[in-house]
Each structure stands twice: as C-alpha cells, then as structure tokens.
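Listed below are the residues making up each chain.
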Amino acid sequence: MSTKRKLLIGLLVIGLPTIALGYGWMVRNDTGLAPESMRAELGESIVSRWTPYVEKTYGPSAAGWGDRLQDTINEVDISNLERAASADDFQSMSSQLLGGAPAIVAVAGKDGGAQTKAVTASNLVYTPINPCRIVDTRVVGGPLAGGETRSYAGYTATDFTSQGGFESNCGIPANAAALALSFTSVLPGGNGYFTAYPFNEAKPITTALNYSPGLITSGHSTVPQCRPSCSSQFNVYSHNQSHMVIDAEGYFTEPETVALDCTVAEQSGFLDLLGGVQTRTIACPAGYSATSGSCSGALGLTINSSEPNVVGGQPTGWKCDLVGSLLSGIAYKAQVTCCRVPGR
C-alpha cells in the first residue's frame, strides 16, 4: 500500500514516520507545561509546519486541511497540543492531537509478570491478549454502507457472537479505558477509511484505517472506550462501503492501588552507667527498608543523633546516638517504621 493511503489528518491520518517539512515549533519543547495562552501559537506552528507536507502528499484532496484542524486544536488538552507541536514526525503529531495513545506504564505479561515500557500523562497500564475477534460484518450485520456509523461493544460478560466475534469475552475487563484494536477492511467498494471513536463522543477528523477498492487492508489503532454503564463502548464510521473485521489485541486500565506493606519495630532498654555516646540500632525485617524512625527516653537522656542506619546504600534500620547519666542507667526506646519498597 502506498504512503498516500496511510497518512492524512482530516481525510487520512495513520501512516509511516516522515521528515518534518515547513517551519514552526522547531525547538523541541514537550514538557506538557505550556500555558493556555499559547494555544493559538502552538496551533499555528502545527498548521504552518505540516501543511506543505500534507499538500505535497495528497494534492487537491488536502485543500482546507488546516481549517478542518482548528476544532481539534481548540479542544485538545494543552499539554498534548504542546507535544504535537514539537513532534518529530507526522504520525506522532497526529497521535498527540488525538489525545495521545493511552499511556503505558507497565505491560503485564500473560504469565502475570510485568515489564515497564513507558510512562505518559494518563498513567494507564496496558495488558496484551491473544488476538481475539470482537466484530466481523461478514458474519453479522453485512458491510457498512458509505457514510454509515455503527456502534459496538468493547466489553461483554459473555461473548461477542452478536457482533460476529468469538464465543468468548476475550478476557477484556469491564470499564477498560481503551482497547488496542486491529481493523481490517475486506474488499471495499472504493477508496475510504474507518474512523473509530468513543460511543459518547462526536466523530473526530482522524481515521483508524485507510482502505482502497479490491484490497484487504489491515491496520492498528488505540480506541478510547465509553464508560461507565454505556450501552455501547465505541462507534465506527465508514467513508465507503466495506466489510469490517476488528480483533482486540490488548486493553488499557488504570493502575490498581496497592496498600503499602509496612511494619513497626521497637527496641527498649537502659543505657550503660558509663559516660559518653552510646549507639543503639534497631533493624528492619529482611526485605524491608526503613522509612522513618525515632529515639526517645527518660528525663536526663540526651539524643545526639537520630537517623537511618544505612548498610550497603540501603536504610536497613534506625540508629540512635544517646548520652545517659553517670549516676543511673536511663531508659531509652528506639522505633523504626519499615516498608517493602518497590525496586529494593
């Protein structure tokens, strides 16, 4: 398939990375901290930078691309707009204007393990699944007509057979934030594209897959889901008549909050009658690290220092440097809070 069939924001969006043409936001600035007052400037930089590329690639069909982009520029989060303005290629710019691909913090493997991949603003967790069919219009519904929009479930407690999919729920949990989907167009009647978007939102100007007549074309897209308690999770619009097959390849969810595993250890006793500084340490259990501690005692006790006891670069407990009385053994108490800290 040619590049022209893969890239166009407004008409065609998804494509191969390209070299930036034109002028605009040439100094990289993707901190996500741009003020709202910079929205117009950032939008103008995107349009001026990428219009020459779009017009060169798509010719007359790209006329008015910058004008059609304005609604998206006005509505997208300012942090995503900033990142779009400094993107290195057209595909990345388009992704950020879509709100950015849902963030991946950790990829949970099928064996229950996890591998950290990347961190982005939305702080979601991606879980891959074996490709699982959730829509097949050749089985149910027939081809989408040109200009038709259909609504689909991205989650079911039973199976996806009512949509032409598999006899399972594909392991997709309720209220997933987004789905990683593979779209396939089967022998469409003409040039066109699918646009996939949340059930409760207006159709955007971007596409999930561009297709051509007489071909079977596939592509991947991340589609946010309508939630919670929506009658459907996402819509698909087809520019031309085409059969459509959708396979789920993974889902995004918010990370679960896990209670911190902590314990408190204490040590008490009496200082020796000898003068001078006396050190008392209290250790954390194996596998735990000291997060806080304290030293205290009876009247007459002097605390020279109260600090973590560091061994091999790790806070393994708490250390108290104490000075007692020459006349009596003064009572003391050392306390440490120990927690299991990720990465230690």
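About the thresholds
Residues numbered from 1 in each chain as written. Predicted model: local features only at pLDDT ≥ 70, side-chain atom pairs only at ≥ 80, totals over all residues. Heavy atoms only, no water. Core = buried A, V, L, I, M, F, W, Y, C linked by side-chain atoms within 4.5 Å. Buried < 20%, exposed > 50% of the residue type's maximum accessible area, 1.4 Å probe, protein only. Helix = DSSP H or I, 4+ residues; strand = E, 2+ residues; numbered from the N terminus. Contact = heavy atoms within 4.5 Å. Pairing = 2+ DSSP bridges. Axes fitted to C-alpha atoms, helices over the stretch in contact; angles between N-to-C directions. Phe/Tyr/Trp six-rings, centres within 6.5 Å; stacked < 30°, edge-to-face > 60°.

**Considering the nonpolar core**
Turning to step 1, where the next piece is worked out: One finds Ile134, Leu181, Phe183, Phe234, Val236, Met244 and Ile246 to be the most contacted residues of the largest nonpolar core, which totals 25 residues.
Turning to step 2, where the next piece is worked out: Residue assignment for this core shows that the elements contributing at least two residues are strand E3 (125-136), strand E5 (178-186), strand E6 (192-198), strand E7 (209-211), strand E9 (234-238) and strand E10 (243-253).
Turning to step 3, where the next piece is worked out: Those residues in contact with leucine 181 that sit more than four places away from it in its chain are Ile134, Gly219, His220, Ser221, Val223, Phe234, Ile246, Asp247 and Ala248.
Turning to step 4, where the next piece is worked out: Of all hydrophobic cores here, the second largest spans 19 residues; its members include Met38, Ile46, Val47 and Phe90.

**Description of the environment of serine 268**
Turning to step 1, where the next piece is worked out: Examined against the element boundaries, serine 268 turns out to sit in strand E11 (residues 262-270).
Turning to step 2, where the next piece is worked out: With a relative accessible area of 59%, serine 268 lands in the exposed category.
Turning to step 3, where the next piece is worked out: Put simply, serine 268 and glutamine 335 are 67 residues apart on the chain and 8.6 Å apart in space, counted from C-alpha to C-alpha.
Turning to step 4, where the next piece is worked out: Those residues in contact with serine 268 that lie beyond four places of it in its chain are Tyr332 and Lys333.

**Quick word on helix H3 (residues 78-85)**
Note that an α-helix has 3.6 residues per turn; residues three or four places apart therefore point the same way.
Turning to step 1, where the next piece is worked out: Extensive coverage of H3 is indicated by the burial of seven of its eight residues.
Turning to step 2, where the next piece is worked out: Taken together, the buried positions of H3 are occupied by Ile78, Ser79, Asn80, Leu81, Glu82, Ala84 and Ala85.

**Some details on the sheet that holds strand E15 (residues 314-323)**
Turning to step 1, where the next piece is worked out: Read from one edge of the open sheet, three strands run E12-E15-E14, paired in antiparallel fashion. Each having just a single partner strand, strand E12 (277-283) and strand E14 (302-311) make up the two edges of the open sheet. Each neighbouring strand pair of the sheet contributes to a mean axis angle of 25 degrees, computed without reference to strand direction.
Turning to step 2, where the next piece is worked out: Here E12 runs beside E15; their pairing, made up of seven bridges, is antiparallel. Bridge pairing in E15 links arginine 280 to cysteine 320.

**Re the sheet that holds E6**
Turning to step 1, where the next piece is worked out: If you trace the four strands from one edge of the open sheet to the other, you get E4-E9-E6-E7, paired in antiparallel fashion. Here the strands that pair on one side only, and so sit at the sheet edges, are strand E4 (148-152) and E7. In this sheet, neighbouring strand axes are inclined to one another by 20 degrees on average, regardless of whether the strands run parallel or antiparallel.
Turning to step 2, where the next piece is worked out: Here E6 pairs with E7 via three bridges, running antiparallel.

**What to know about the packing of aromatic side chains**
Turning to step 1, where the next piece is worked out: Per the counting criterion, the structure on display carries four aromatic pairs.
Turning to step 2, where the next piece is worked out: For the pair tyrosine 193 and tyrosine 237, a centre-to-centre distance of 6.2 Å together with 45 degrees between the ring planes defines the contact as tilted. Residue tyrosine 193 is found in strand E6, and its partner tyrosine 237 is found in strand E9; the two are separated by 44 residues along the sequence. Each member of the pair, tyrosine 193 together with tyrosine 237, is buried.

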